[in-house]
Each structure stands twice: as structure tokens, then as C-alpha cells.
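Structural description and commentary
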Amino acid sequence: MDIRGSVPIGDSGLAQRLRREIEGEVLFDAFSRGRYSTDASIYQIEPIGVVVPRTVQDVVAAIQIAREAGAPVLPRGAGTSQCGQTVGRALVVDVSKHFNKVVDLDASARRVTVEPGIVLDHLNAHLKAHGLFFPVDVSPSSRATLGGMTGNNSCGARSIRYGNMVHNVAAIEAVLYDGERVRFGPVGDNRVGDLGPGSGRFDALTRAMRALGSSEADEIARRFPKLLRRVGGYNIDELAGGQPNLARLLVGSEGTLAFTTRIELELQPIPKHRALGVCHFPSFYKSMDATRHIVKLDPVAVELVDRTMIDLARAIPMFKATVDRFVVGEPQALLLVEFAGDDAAEPTRRLKRLVELMGDLGFPGAVVEITDQGFLRAVWDVRAQGLNIMMSMKGEGKPVSFIEDCAVPLDDLAEYTDRLTRIFHKHGTDGTWYAHASVGTLHVRPVLNLKLEKDARTMRAIAEECFAMVREYKGSHSGEHGDGLVRSEFHEAMFGPRMVKAFETVKDTFDPPGLFNPGKIVRPSKMDDRSLFRYKPGYATAPIETVFDWSAWGGFGPAVEMCNNNGACRRTDAGVMCPSFRVTKDERDLTRGRANTLRLALSGQLGPDALVGDDMKATMDLCVGCKGCKRECPTGVDMARMKLEFLAQYRKRHAPSLRDRVVAHLPAYGPMASAFAPLMNLRDRVPALAALSERLAGFSARRSLPRWRRDALKDAESPAPTEQADVVLFGDCFGRYFEPEVPRAALKVLLAAGGRVAIAGARGRRPLCCGRTYLSTGMTAAARAEARRTLDALLPVVGRGGAIVGLEPSCILTLRDEYPALLPGPDTDAVAARALLFEEYLAAEKKAGRLALALKPVARRALLHGHCHQKAFGLVGEVAAVLSLVPGLEVTTIESSCCGMAGSFGYEAEHYDVSLRMAELSLLPAVRKASDDDLIVADGTSCRHQIKDGAGRQPLHVAQVLERALG
């Protein structure tokens, strides 16, 4: 029986029943289905609907309801599969939001039981206190779920030492197609026990699998590649022994046999010491040839980085500094060789032997030796982002994943890669290379444009020639990333018709109705069926008149298409990207989710006018414009700017609300409002007025508003005329009207530093403004007018070599980031090049030997919270460096994401709770732990407001700290 295709997409009857019978979320709208239609592969298939279960009972109920309705079920974790495993016309069941706990840990036995949605990095953080870790260290460890890793039979960089998932999974609890919950493990221990009685069907299942392993033992021995990296098909080789572990049959099954609800894993002790050698090679071939010699030194990893990856990584701000430290000269390839052990001296001894070996191989002095653990981790971080770095390549052609997982014996690796390169050249393209040289699995991706029919044909031709060569070397088509829609078609050539029939027997025995993830591993579609591609025949994005300049990407559409769905934005550590997702855990509130929705809207797949509709507005609603993706997304998806573009397009159809106008026009009415400050501030003194402001304008009554000041900063306070100054202070609206003590402190410090200082002014007219309030509300015509006015006023300063110094990161960095895209041209570039944050300017003066500040101690310790835009531009270090000029001041940077205020976001009634939840992730708890004597430093106006409201502490701008230190 095959139930595929019997239920319409978005079936309302199925959705209604699911909503009645499960606790979790049921998402059947077109926008949600679109967001779940892709993974990190080349495919896009719209699901019937999406369920986000809260409990195992939800899973059981969803499976039963789907089976009765005739709808397939597709388990999904992070949705980062590269072969199309997690897309299909099915009911997608997303376990990543709620199934993310450690169920049980037996540290003495080195065993842990986890739910399938837990992320690898989160598991290892939990295990670290016990001196243990789970050793299958896949590159996307910051978002890869253990369920997905189990389904794919993932491997990782150190599989040469620790093996694949199949070697590290002890047992699996799963739900079968009929709702029965079963524990799979070594034969004889397969009952769930307290989860319910066994069944005759399950006993028959066990007998059938043992019989299959026995009957096919000889064929398995003949046809299965004799390699560690063999993850294609089902692991029926695990059935050939006398006491098979049936959990290992589920490993690598890609969710086609049962629905995993718990996984028992085997753990390893964390190596106490590590050393890394970065081996440089003048040619790619020589690096491959050297690998077979290097592995004899017993490394735990040997990873390839090719020249393309080096060059692309150097162009990405978050990686450039690290790459420049470990890459010497212009090598064509690198091998990262790691040694590890509990004896401190052993990894270092092996590293020295590596240096000697490289000399013996004809490469003396070609090893960068790394024993500093922080630097070592930074190097591995670059390697871990290999896929995303490769996908940062701009243009229509992209490195395409379809033969990236082939594995061959090490002795054949150099010849295999050389022959494969010739195949690429024969078809008019080239490939990018990286990954697991130690085990003969290189992630190679030919550069193709799959929007074109001819390139789809080229993909097919390359695949057939490559796979034939792999079989010639007795290698494996699938070495790590699995089969999915890409490689399942080629199983018969790889394993033979008898093994394919055996795979079908496994599927049909476990899942007679074909309920689970059909079309993967057995009975697949063609890998080049373009109707399943993300870019289907006829795909095109509608031309729109954009407000910002997207020419560097070839247009707004291609910029959005830079998202390759690999999910780096799903990180939930204390960096920047993506703060709203960390709170909601919803695909919608993710950089990837927003980019996919924009792409679908621009290409007409969500219906007419979807780009400017309410569903798109809801999709973009929780993007706080933190710019974290600008720095942290390796493919360069700048969602903060994309949101501004969306707002500009949306505003063409929808008039601004009262709240939008109040926020946007603040620079215009600011001078008058400050003159009537006592009246303006009544709102926070009279509860009824706060409630009224929420009803009329949507400003949360639970949130205090910034206090207007009658002593607002005036341009007349300028220490010198603007035309005579070499440093002009760009006085942002927030500092002028709400916290004038901040710009006044900055003026004192800049004067003490010896500069000729002025306040940037507009010759008696309204004070200058960056225009950000207009940008954030979609009023781009007004923003452009403000930008033009500001540029005209600042160009004379730039012309004489002066510096433009700002205090509010979001304002001064608007000059550097938004202006060049809003008003591209030499004037804008000139101003952007001279626009500096206060701390940047002082740090540069210090480095140049021109800073002569006489400072006194003010405190023993300062806790620093970096503004999101400071983090996005890598400037938090400058703040810490300037604070360190204060004698005796110990500076600790709070590891935090967005404070949650994000301009007006945290003041808005509908966002108040989300705003506080963002702050509570790490910022506010850290501030509350600080002593009363500690200084709390935050350069962002909104950051200071959030800290004061949420933790009861009054933070200082770095300028205020330095002013105090002046005495």
C-alpha cells in the first residue's frame, strides 16, 4: 500500500482534526507551508501541513490521524539536510521546538538518553560538567538535532577516531506506523516495557529482520563498500551478526521506518589536550596525496580547506582575522590535522612528527603549529562553516550539493579528485572542495545554475560519471549526508538489484502503508526532476522598484536567494543572530524563515501582492534589525536591510499608523517637545495617560517612555565652529533630547584628548539627523531627504580630513551601512569612510600615538553590554579597549544577544513581552548578578533603557565613564 498523493495540500479537514486532538501547533496556511518546503538541498516540495508537537502523545495522535486520512508523515529537526530528506508532500512534524531535553544521564556508564530535537552543541554543553561529550562532531553542531543526525547516520570531522552515528547509538525509542511505541536495541532488549505491552507484529518484525540479515549475509559482504564512510541505503549489514542491534537499522533510515522519540547515545571523555597543524600545499593534488601518509600519525581529524574556501572566508568579516592568522602566503590547499590526548605532551609530540613528515614529503616549513586552545577553536569554527562559506559565492552559479558525499579509499583519493576535476572541466565548470580527507570523503560541489535546464542536464551527467568512477574505486556514493532525493535513485547501480529489493523489504516490513517519508531510500523519484527543484522551470522573481541598491547581488531577488537554508541562524548561543528566534523557536521568526518567505513572495508562489500583505508583515514583525545576520550569516543574508526594503514596499500600499508617525517624526518635533518637557513627561506620571497611550498609539503602558529634557543639547553649545574643527560630534536625537549628559560627556573627553571639537550642525536650521526613525517605519522618502541634508552638512568636514564621531551606534552606523545603499555615490562613500563611533575614534587615536588622556580610577570592575550594531560591525572590542584606559578598571563583556528594545520595538504593546524575554536570555540575569559597585556600560540608548527597566540599574555610556575618570 502506498498512501502518497491522496490528501490535498493544506487540507482543512485534516487541519481541523489535528487542532482538536493535539496540544501542539498546527500550521496549514500557505506561508507556513512555504517555509517548511525547503531544506539545505536543491529541492522544494510543499508539504500538506505542519505539526509542532508538544508531547509524545501528540506525535502518536498525529501519526494515527495522518494514517487514517491517507497523509504521509515526515519527521523534521532543524531542516538542514542537504539531500532533500526533510522535504516532501507530507505532514511535516517538527520536533525541534519542544523535543529538546536530556532525559537521563548515566555519567559512570557514559550513556545519555535525549529527545530527538536537542541540538548537538546544547547536549555537549550539558555534558561538559561531567567531562564527557558526544563525539560525532558534525559541522552544523550549533543547530543539528540528534534526531536528524541519527536519521542521516551523520559522521563529523573526527569519525576516524570515533566512528559514525551508527557506532555511537545504543538504543532508540520510536513510534511505528500504527502508533505502537517500541524500544529498539540489541535483540532481546527491544521492548519498551512501561510504555505498553508488546505485540505479535513487533515480534514478527524482529524475526523478519534477523532472517533478512541471515539470508542476505553473502550479498551484503559482496556489495557493501568496505569503508567507514558508507551511509547509503539501510544498514542491513548490522543484521548479519548473531546479536544485531535493531536501533542501528533505524540509524540512517531518514525517518522512513519509524518516528524517533528518544535516543540513547554512547559518550566519550573530553580529551584534555589538543594540538593542530595547518599544513600548506602548493597544489590540491599534493594535499590529497599526502593524506594517506598523514593518517598514519594517528590524528583525530584531517580536514581539507581548498583555495576557493580560503578566498571566500577572507571576504567574510567574521572569519577574515582568523584566516589571516593561520594561512601563510597563497597555498592552493590546506590540511587541518588535529591530535588529542589526556597527556599534555602527546599531542605536541605528534605535531612535531607532522612537521617532520611534511619535510620528508618535500614541504619543509609548511606547517602552522597551533596549541593555543582559543585559536584552535577559532580555526575549527572557520572549517565548520565550510558549506556556508562556499555558498557565499555571489552570482547565479552556486556550488551545488549532489556528489559532495562520495567516499573512496585513501590510496585512491588523489587520483579520484584529479579525475573528477577533469570531469568538471569537460562539462565547462569547476568545483569547490573541503572536508574529511582523513576518511576519503570530500565535500565537492560543482558550480552550476540550476535555474537553467542545461545546467540541470549537466548535473545529471556529472553525477553519472562521478558515481561510475566511485564504484570503480569500490567506494560509496553516500559518505555522510545520506540519500534523500539526490542519491536514492542510484542504489541499484551501487548495491545491485538484490540489495535494493532487500531495502524495499525493510521498508515494507516496518511501514506497510508507506506512511513515513516516502520517496527516500526506496522507490525514489529522479534526482533531476525539476518539478521538485527550488528553482522550478519558469521560476523568476518579479522586478520591483527598490529603495535600496542591491546591485552587488544582481538585484533584491538574488540577494534574498543567497539564503541556502543551512540554518546557521538557528544558533541559540549568546551571539547576536537571531534574537527573536531564540525566544519563540518558530521557523517564521528566523532569518532563514524570513528569507524563504521573501523569496516565495517575490517569485509569486504565495499569490499576488504577497510581498506587501499582512502575512508578510507578520513574518517580518519580530525582526528587530539587529544586523546580526549581516556579520554572522556566512552567505551574507542581510535581513535587517531586507526588512527596511520590505517596509518601504509595504508603505507604498499601507499608510503609517499614529505610532509610526510619532516615532518617525521625532527628529522634527524634538526641539519643540523638549521645550515642553514637563508636559510631555506626564504620560509616565499619570497611569491613566499611559493606558490611553497604549489604546491610541500602541505604546505599552507597562513600559516607561524616554524622558524629554528641557536642557536638551543645542548646536550653540559647540566648542568651536564646525568649519574650524577636525572632530565633529554627530549629536543623535536620543542623546540630544533624552540624555544630553551623554553628548556633553563626550565633548569633554574629546576636548581633553586635544582635538578641535565641534557639534555637527546645519547652520541654524533643525539639528542634523541620520534618518533612522524614518527608515524603521518605512518612510524612505523622508529618510532620503534627511540623509541628503546630513551628507551636505558633513561633506566639508570630510573634505578637510576631519572625523565624524557619533555616540549612538544605530545612528552613526546608519551613515556607514544604510546611506551607501540608500544614496549610492562618492559623497556617501566619503562620509561613510569618516564616520566613527566615539570608541573607534579614541582607539584609533591611541593606536596612532596621539591620545593623551590623563585618567583616574573610577571603579574596580565594569560590565559591558555591546549594542547589536557594535557587534555586527565587530566594534565591541574597541569599547572594551577604551574602557581599559581607565586605571585599575577590569572590563568584562556580557555574553548577550539583543537587549530586546531595538529602537521602538520594546516600547510597543504587542512586543513588550517578547522584548523582555530577549533581555532575560542572558543580559538582565548578568546585570542582576553584578555588585552595586560595578559599573554597567551600554552605549545604546535603548539598551540602557531596557537595563534600567528590567534590572533597576542605571547604565552608563562609555563617554560618561571616561568623563568620570577625567576627574
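For the structure given in this document, a descriptive report is provided here.

**Things to note about the overall build of the protein chain**
Along its length, the protein chain carries 43 helices and 25 strands. Against the 2.2 N^0.38 benchmark of 30 Å for 967 residues, the protein chain shows a C-alpha radius of gyration of 30 Å, consistent with a compact globule. Sorting the 967 residues of the protein chain into buried and exposed places 62% on the buried side. Sequence separation of at least 24 residues holds for 74% of the intrachain contacts in the protein chain that already meet a minimum separation of 6. Surface exposure of the protein chain reaches about 34400 Å², of which carbon and sulfur atoms provide 51%. Of the charged side chains in the protein chain, 124 are positive and 116 negative; the average position of the first set lies 3 Å away from that of the second.

**Observations concerning the sheet that holds strand 16 (residues 398-399)**
Pairing within the open sheet is antiparallel, and its 7 strands lie in the order 15-12-14-13-17-18-16. Since the sheet does not close on itself, it has two edges, and those belong to strand 15 (367-370) and strand 16, each with one partner.

**Describing the side chain of Asp511**
Structurally, the position occupied by Asp511 is in the loop between helix 20 (497-510) and helix 21 (556-560). A polar contact is formed between the side chain of Asp511 and the backbone nitrogen of Leu515, at a distance of 2.9 Å. The contacts of Asp511, once residues within four sequence positions are left out, are Tyr177, Thr256, Leu257 and Phe516.

**Quick word on the nonpolar core**
Among the nonpolar cores identified, the biggest contains 67 residues, and Met639, Met642, Phe730, Leu794, Ile804 and Leu815 are the most heavily contacted of them. The residues touching Leu815, leaving out its near neighbours within four places in the chain, are Phe730, Cys770, Leu794, Pro820, Val831, Ala832 and Ala835. Ile294, Val337, Ala437 and Val470 belong to the second-largest nonpolar core, a separate cluster that totals 60 residues.

**Some remarks on the pairing of strand 21 (residues 803-806)**
Residues Ala803 and Val805 of strand 21 are buried on one face, and the alternating residues Ile804 and Gly806, pointing to the opposite face, are buried as well. Here strand 19 (residues 727-730) pairs with strand 21 via 4 bridges, running parallel. From the neighbouring strand, Val727 faces strand 21, where its bridge partner is Ala803. Relative to strand 22 (residues 835-837), strand 21 is paired through 3 bridges, and the arrangement is parallel.

**Let's talk about the packing of aromatic side chains**
With the rule as written, the count across this model stands at 19 aromatic pairs. Note on Tyr416 and Tyr473: the rings are 6.4 Å apart at their centroids and 90 degrees apart in plane angle, and the pair reads as edge-to-face. Within this pair, whereas Tyr416 is found in helix 16 (residues 413-426), its partner Tyr473 is found in the loop between helix 17 (453-472) and helix 18 (484-487), the two being separated by 57 residues in sequence. Residue Tyr416 shares its accessibility class with Tyr473, and that shared class is buried.

**Details of the packing of helix 34 (residues 780-799) against helix 35 (residues 809-822)**
Two numbers describe how helix 34 lies on helix 35: the axes approach to 11 Å, and their chain directions differ by 110 degrees. One finds that helix 34 runs roughly perpendicular with respect to helix 35. Between helix 34 and helix 35 lies a crossing whose hand is left-handed. Across the interface between the two elements, Ala783, Arg784, Glu786, Ala787, Thr790, Leu791 and Leu794 of helix 34 pack against Leu815, Tyr819 and Leu822 of helix 35.

**Some points on empty space enclosed by the protein**
A probe as big as a water molecule, rolled over the atoms, marks out the empty space that is left. A complete count under the given rule lists 8 cavities of 30 Å³ or more for this structure. As for the largest cavity, its lining consists of 45 residues, and the residues nearest its centre are Ser81, Gly148, Met149, Asn152 and Ser154. At the level of secondary structure, the elements contributing two or more residues to the lining of the largest cavity comprise strand 3 (73-76), helix 5 (146-152), strand 10 (259-266), helix 14 (373-384), helix 15 (386-391) and strand 17 (431-436). For the lining of the largest cavity, the element with the highest residue contribution is helix 5, accounting for 6 residues. Broken down by class, the residue content of the lining of the largest cavity amounts to 15 nonpolar, 25 polar and 5 charged. Of the volumes computed, that of the second largest cavity is approximately 430 Å³. Lining the second largest cavity we find 26 residues, and of these Met391, Lys398, Pro399, Arg534 and Tyr535 sit closest to its centre. Elements supplying a minimum of two residues to the lining of the second largest cavity: helix 15, strand 16 and strand 18 (441-448). Residues that form the lining of the second largest cavity fall into these classes: 13 nonpolar, 6 polar and 7 charged.

Rules behind the numbers
Residues numbered from 1 in each chain as written. Predicted model: local features only at pLDDT ≥ 70, side-chain atom pairs only at ≥ 80, totals over all residues. Heavy atoms only, no water. Helix = DSSP H or I, 4+ residues; strand = E, 2+ residues; numbered from the N terminus. Rg over C-alpha atoms; globule rule 2.2 N^0.38 Å. Buried < 20%, exposed > 50% of the residue type's maximum accessible area, 1.4 Å probe, protein only. Contact = heavy atoms within 4.5 Å. Areas by Shrake-Rupley, 256 points an atom, 1.4 Å probe, with all protein chains shown as cover. Lys, Arg positive; Asp, Glu negative; His and termini not counted. Charge placed at Lys NZ, Arg CZ, Asp CG, Glu CD. Pairing = 2+ DSSP bridges. Polar contact = N/O pair within 3.5 Å; in protein donor to acceptor, adjacent residues only side chain to side chain. Core = buried A, V, L, I, M, F, W, Y, C linked by side-chain atoms within 4.5 Å. Phe/Tyr/Trp six-rings, centres within 6.5 Å; stacked < 30°, edge-to-face > 60°. Axes fitted to C-alpha atoms, helices over the stretch in contact; angles between N-to-C directions. Parallel < 35°, antiparallel > 145°, perpendicular 65-115°, else oblique. Left-handed = near helix turned anticlockwise from the far one by under 90°. 1 Å grid on protein atoms, 1.4 Å probe; cavity = no way out; pocket = protein on both sides within 12 Å on 5 of 7 lines; lining within 4 Å. Points joined across faces, edges and corners; volume = space filled by probe spheres on them. Nonpolar A, V, L, I, M, F, W, Y, C, P; charged D, E, K, R; others polar.

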